[in-house]
Every structure is written in C-alpha cells, then in structure tokens.
Amino acid sequence: MRILSLAAAICVLCSGCAPLLERTYSTSEPHSSKFWESEAAGTLRAESYQDIVNDLLLLIGQHREAATLRLYDFEDDLSVADALERAAAEVQQETPMGSYAVEYITSTSQSQRAYYEVAVQISYRRTLEQIQSVVNATSPEALYSLLDSALNDGKSELAVRLGYWGEDGQSKVEDSMAQLREERGMTEEDLPWVVCCYPSAEDVGLIEFLLDGPARDEALEKAALAQQALEPDSDTPPEDTSPPENDANGESTEFPEPPELHEEEPPTGSPEPENPEPPIEPPPSEQADFTGQHFILHSPLSIVN
C-alpha cells in the first residue's frame, strides 16, 4: 500500500514538470521570414513603406529581375502607388547599392482580398558577378591595400562599400592612388583611373575604381566631352575691332548702317485683336548639356584621376 501511495505521489509531481520545461526557441535562417512570404515562388511581403525598401534591396542583392510583393495594411490604390514610387526612387537614388547597380525599377499592383499583389521588374546596369564582387570596408583607410591587391590580380575594376566617409575621404582616395603610382613608377598618364562615387560625391557609400578596360575608356571619353561643353568655343572667330580702311580718294569705305525699322503703332483707341498670335520661340539647342554631371554625380563621373 505504501508503495502504491509513493508511486501516486511521483505521478503527481511529474505532471507538473511539463509547464516548467516549456521553452520557446528561435532559429536563424538565411532569409528573414518577415520579408519572404514564399521564397520558393519569389514572393515577398511588406507591411510598411520601409518593408518595401528592404524588399527591393533584398532583390537587388540577389540580382533578381522579377519578383512578387504582397502589401498588407495599405488603405487604397493611391497609397500603394505612392509608396511604390517613393520606395523605388529612394532605392535607386539614395542607396549606395541601388544607385550603383540599378538602371530602373517598374511595378504594377492588383488589389486582392486581404492584400495588394505587386509585380516588380528591375533592370540592372551591373551583372550578378559585379554585385557579388563588391568589397565591404569600414573606412577609406582600407582602399590602399584593396587597390594594391586589385592591381596585382590584374582586375579592371574595384567596387568598395564603405561604412564611413569623412570630410577627408576624397583626399585619402587621392593619396592612396598617388602612393600606388609612385611605388610602381607610373604617372597619371600611364594609369588613367576613373573613380565614381555612389549615391553622390557628397554622400559616398560605395566607391568604384575603373582601372582598365572599355568601361574606363568610355568614362574618360564622357569626361572629355563634358569638359569641352564647359569650356568656351575656341572655333568662333574674334570680333573685328580694327578701324575702317580708306579708299584711293581718302574716303572711308565703311558702309553706313541701315536705318532702324520702327513698327507702326496702332492708332489710339483702336481695338486689340481678339486672338493675338503667340511669340515665336527659338528652337532648343541640340548641344548636349553636361552641366551638373561632371565630377558631381555618379553618372557619368565623380572623380577622375
């Protein structure tokens, strides 16, 4: 009997162990379930504007050209369209990787029962290999060793994503390039490198070095065209300011200026025409305007050295 009582007591104690041992566990996965609705089908989810930006950056990092987004908690078609437009512009113009890799982003949305389904198309101006080759560095101090390794390996380009860019960032870049040229016994003419900053020269998050190849040559050509556009046209003949010549009789051969033509004013009190013709504007100039692009934005150049 005592044995049965002891067994019953043990059973009661064991029945209370389950709540004490219950725990919650979390696992780390390559892609957060917060963004992926169905990774196998290439479908992401977003519940806010920032989620849309993060989704687009996730797609760019994988060089995906097409994907589907499901947007939750958006009020109507107008709010969806506005969020998609602002997110695409922010990613392409204000983020280092977006401005470096993306040509354009388009999207179309369709209202569903509990969400909006968005089809996203991304066109790239960088390949998957170029995106995967981007090196991460904490500051511009690391650029010298990275450039040195790239030259030793015979690379034609180097892209570095920087965690910090100070006011002396550009001078450190120039010092690194000058030191490498000096060590290798070369001049700027021997090593005409092109340096591009993303998203802009004022807010550098990614810096690209074009060391050799067609991309560098094309950038140098664009820089030369931009420089010519900013300089005055040297082919225009100077204005002739010499005094007029005299003929055999000593009289001046300068022709008199034609009399000025004055438009006749309508008589006072006459009614103005009901539909006056608009003034004729001169045709726009066909010359390309590079103002604001040379040495300022990432397209085509930020720094040339």
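Small disclaimer: the values here were computed from a predicted structure and weren't measured. (Residues numbered from 1 in each chain as written. Predicted model: local features only at pLDDT ≥ 70, side-chain atom pairs only at ≥ 80, totals over all residues. Heavy atoms only, no water.)

### Brief notes about the overall build of the protein chain
Stage number 1. Per the secondary structure count, the protein chain includes 9 helices and 10 strands.
Stage number 2. Counting every position in the protein chain, which comprises 305 residues, the buried fraction comes to 30%.
Stage number 3. Restricting the contact set of the protein chain to residue pairs at least 6 apart, pairs at least 24 apart contribute 64%.
Stage number 4. By element, 51% of the accessible surface of the protein chain is carried by carbon and sulfur atoms, the whole surface being about 21,300 Å². (Helix = DSSP H or I, 4+ residues; strand = E, 2+ residues; numbered from the N terminus. Buried < 20%, exposed > 50% of the residue type's maximum accessible area, 1.4 Å probe, protein only. Contact = heavy atoms within 4.5 Å. Areas by Shrake-Rupley, 256 points an atom, 1.4 Å probe, with all protein chains shown as cover.)

### Things to note about the environment of alanine 201
Stage number 1. Within the secondary structure, alanine 201 is located in the loop between strand S8 (194–199) and strand S9 (204–210).
Stage number 2. Measuring from C-alpha to C-alpha, the distance between alanine 201 and glutamine 170 comes to 8.9 Å, with 31 residues separating the pair along the chain.

### Focus: the pattern of salt bridges
Stage number 1. Evaluated as defined, the whole model comprises 7 salt bridges.
Stage number 2. Here glutamate 208 makes a salt bridge to arginine 126, at a shortest N to O gap of 3.2 Å. In this pair, glutamate 208 is assigned in strand S9 and arginine 126 in the loop between strand S5 (116–124) and helix H6 (128–132), connecting sequence segments 82 residues apart. Each member of the pair glutamate 208 and arginine 126 is classed as buried.
Stage number 3. The shortest N-O distance in the salt bridge between aspartate 148 and arginine 184 comes to 2.9 Å. A residue pair is termed long-range when its members are at least 10 positions apart, and aspartate 148 in helix H7 (residues 143–152) and arginine 184 in the loop between helix H8 (169–183) and S8 qualify at 36 residues.
Stage number 4. A relative accessible area of 30% means that arginine 184 is categorised as partly exposed.
Stage number 5. In this structure, a network of salt bridges that share partners links the residues Glu141, Asp168 and Lys172. (Salt bridge = Lys/Arg side-chain N within 4 Å of Asp/Glu carboxyl O.)

### Re the state of the cysteines
Stage number 1. In this structure the tally under the stated criterion is 0 disulfides.
Stage number 2. Left without a disulfide partner, cysteine 196 is nearest to the cysteine sulfur of cysteine 197, which lies 7.5 Å away.
Stage number 3. Owing to a relative accessible area of 1%, cysteine 197 belongs among the buried residues under this scheme. (Disulfide = S-S within 2.5 Å.)

### Quick notes on the packing of H7 against H8
Stage number 1. Running from amino to carboxyl end, H7 crosses H8 at an angle of 40 degrees, the nearest separation of the two axes being 9 Å. Looking at the two axes, H7 sits oblique to H8. By crossing handedness, the relation of H7 to H8 is classed as right-handed. In contact with Leu143, Tyr144, Leu147, Asp148 and Leu151 of H7, H8 contributes Val173, Ser176, Met177, Gln179, Leu180 and Glu183.
Stage number 2. The residue inventory of the contact of H7 with H8, partitioned by class, reads 7 nonpolar, 2 polar and 2 charged. (Axes fitted to C-alpha atoms, helices over the stretch in contact; angles between N-to-C directions. Parallel < 35°, antiparallel > 145°, perpendicular 65-115°, else oblique. Left-handed = near helix turned anticlockwise from the far one by under 90°. Nonpolar A, V, L, I, M, F, W, Y, C, P; charged D, E, K, R; others polar.)

### Considerations on the side chain of glutamate 208
Stage number 1. Using a relative accessible area of 3% as the deciding quantity, one classes glutamate 208 as buried.
Stage number 2. Within the local environment of glutamate 208, its side chain forms a polar contact with the side chain of arginine 126, the two groups lying 3.2 Å apart.
Stage number 3. Within the structure, the side chain of glutamate 208 is placed 2.7 Å from the side chain of tyrosine 198, a separation counted as a polar contact.
Stage number 4. Contact partners of glutamate 208, with chain neighbours within four places excluded, come to Tyr100, Arg126, Leu158, Ala159, Val194, Val195, Cys196 and Tyr198. (Polar contact = N/O pair within 3.5 Å; in protein donor to acceptor, adjacent residues only side chain to side chain.)

### Some points on unusual backbone geometry
Leave glycine aside and you will find that most residues have negative phi; peptide bonds, for their part, are mostly trans.
Stage number 1. The residue after tyrosine 198, namely proline 199, is reached through a cis peptide bond having omega 0 degrees.
Stage number 2. For proline 199, the location among the structural elements is in strand S8.
Stage number 3. Unlike most non-glycine residues, histidine 63 shows phi in positive territory, near 60 degrees.
Stage number 4. Along the chain, histidine 63 turns up in the loop between helix H3 (49–61) and strand S3 (66–71).
Stage number 5. Phi is positive for aspartate 73, which is not a glycine, with a value near 65 degrees.
Stage number 6. Counting through the fold element by element, aspartate 73 comes out in the loop between S3 and helix H4 (77–94).

### Details of the nonpolar core
Stage number 1. Residues Ile52, Ile60, Leu69, Leu71, Met97, Tyr100 and Ile122 are the most contacted members of the largest nonpolar core, which totals 38 residues.
Stage number 2. In this structure isoleucine 122 touches Leu59, Ile60, Arg64, Glu65, Val102, Tyr104 and Ile105, once residues within four positions along its chain are discounted.
Stage number 3. Counting residues in each nonpolar core, the second largest holds 19 residues, with Ala137, Trp165, Cys197 and Val204 among its members. (Core = buried A, V, L, I, M, F, W, Y, C linked by side-chain atoms within 4.5 Å.)

### Brief notes about the packing of aromatic side chains
Stage number 1. Applying the stated rule across the entire model yields 2 aromatic pairs.
Stage number 2. Relative to tyrosine 115, the ring of tyrosine 72 has its centre 5.5 Å away and its plane inclined at 50 degrees; by these criteria the two rings are tilted. With tyrosine 72 in the loop between S3 and H4 and tyrosine 115 in the loop between strand S4 (102–111) and S5, this pair connects stretches of sequence that are 43 residues apart. When sorted by exposure, tyrosine 72 lands in the same class as tyrosine 115, which is buried.
Stage number 3. Relative to tyrosine 198, the ring of tyrosine 100 has its centre 5.5 Å away and its plane inclined at 80 degrees; by these criteria the two rings are edge-to-face. Note that tyrosine 100 is positioned in helix H5 (residues 96–101) and tyrosine 198 in strand S8, a separation of 98 residues in sequence. Of the two residues, tyrosine 100 and tyrosine 198, both sit in the buried class.
Stage number 4. Sitting above the plane of the tyrosine 49 ring, arginine 86 keeps its charged end 4.2 Å from the centroid.
Stage number 5. Over the ring of tryptophan 193 we find arginine 181, and its NZ or CZ is 4.7 Å from the ring centre. (Phe/Tyr/Trp six-rings, centres within 6.5 Å; stacked < 30°, edge-to-face > 60°. Lys NZ or Arg CZ within 6 Å of the ring centre and 35° of its normal.)

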